[in-house]
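Structural overview for review
Spelled out from the first residue to the last, the chains are:
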Amino acid sequence: MAMQLGGGGTRGGRMRRRPMADINVTPMVDVMLVLLIVFMVAAPLLTVGVQVDLPKTEAAAIQGQDEPLAVTIDSKGVIYLQETSVELDQLVPRLQAIAQGAADRRIFVRGDQAINYGKVLEVMGLINAGGFTKVALVGNPPAVAGKGK
């Protein structure tokens, strides 16, 4: 009686493995998790990365034939049309009376640096809802070296 050791009838004593038909997704999952972490870290930096002082600008002055109307909001939230104080609900009727129906009249909105940005947007939205299409924000140019602060 002869006995075979270890082989179980295969050549050389090794078992043959069948080819695996499944796709190995582990490397793809690893890459996706790394990309997810990279984007989670990078996304907040894209929105908050730059500090901006909105009242200063280097934009060229807007050229036009007509004299623009100035709406100013001071640091206390008081609204002025040109140099006259006006209530928020009376702003659009006065603008319409001055513009005499000209919806393309230029209006410059000047907001103090200390004022809440929401107040400036509220005034701009009200003017725009009143039918005026040329509404712009005005800022101060940055200080030139040797002048001012």
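For the structure given in this document, a descriptive report is provided here. The structure presented is a predicted model; accordingly, all values stated were derived computationally and were not measured.

1. Observations concerning the packing of helix α2 (residues 88-99) against helix α3 (residues 117-129)
Closest axis-to-axis distance for the α2/α3 pair is 10 Å, and the angle between their directions is 40 degrees. Comparing the axis directions of α2 and α3 gives the class oblique. When you trace α2 past α3, the crossing you get is right-handed. On α3, the residues touching Leu88, Leu91, Val92 and Leu95 of α2 are Glu122, Val123, Leu126 and Ile127. Tallied by class, residues from the contact of α2 with α3 come to seven nonpolar, no polar and one charged.

2. Some thoughts on α3
Under the 1.5 Å per step criterion, the end-to-end length of α3 is 18 Å for 13 residues, consistent within 8% with the ideal 18 Å. Taken as a whole, α3 has its buried residues at Val120, Val123, Met124 and Ile127. Seen from one end, α3 has its buried residues packed into an arc of 95 degrees, which puts them on one side. The residue sitting at the N-terminus of α3 and contributing the capping side-chain oxygen is Asn116; that oxygen lies 3.1 Å from the backbone nitrogen of Gly118.

3. Overview of the sheet that holds strand β3 (residues 84-86)
If you walk across this open sheet you meet the five strands as β3-β2-β1-β4-β5, and the pairing is mixed. Each end of this open sheet is capped by a strand with a single partner; those strands are β3 and β5 (135-138). Geometrically, the sheet is characterised by an average inter-axis angle of 30 degrees between neighbouring strands, direction not taken into account. Bridge analysis of strand β4 (residues 107-111) against β5 gives four bridges, and the strand direction is parallel. Within β5, the position partnered with Ile107 by the bridge is Val135.

The rules behind each value
Every chain is numbered independently, its residues counted from 1 as its sequence is written. In keeping with the predicted nature of the model, local features appear solely for residues at pLDDT of at least 70, side-chain atom pairs appear and are counted solely at 80 or more, and the whole-chain, interface and lining totals rest on all residues. Think of the side-chain values as coming from all heavy atoms in the structure, minus any hydrogens and water. The axes are straight lines fitted to the C-alpha atoms, using for helices just the contacting stretch, and the angles between their N-to-C directions are given from 0 to 180°. Under the DSSP-based scheme used, a helix requires at least four consecutive residues in state H or I and a strand at least two consecutive residues in state E, with every element numbered from the N terminus. In these notes the angle categories are as follows: under 35 degrees is roughly parallel, over 145 is roughly antiparallel, 65 to 115 is roughly perpendicular, and the rest is oblique. Crossings are classed by handedness, with left-handed meaning an anticlockwise turn of the near helix from the far one by less than a right angle and right-handed meaning a clockwise turn. Contacts: residue pairs with any heavy atoms within 4.5 Å of one another. By the convention adopted, Pro, Cys, Tyr, Trp, Phe, Met, Ile, Leu, Val and Ala count as nonpolar, Lys, Arg, Asp and Glu as charged, and the other residues, Gly among them, as polar. An expected span of 1.5 Å times one less than the residue number is assigned to each helix. In this scheme, a residue with accessible area under 20% of its type's maximum is buried, one over 50% is exposed, and one in between is partly exposed, where area comes from a 1.4 Å probe on protein chains only. In this description, one arc is meant: the one made by directions from the helix axis to the C-beta atoms. For the purposes of these results, a polar contact is taken to be a pair of N or O atoms within 3.5 Å, where, inside protein, one atom must be able to donate a hydrogen and its partner to accept one; residues adjacent in sequence count only when each atom of the pair is a side-chain atom. By this definition, two strands are paired if DSSP reports at least two bridges between them.

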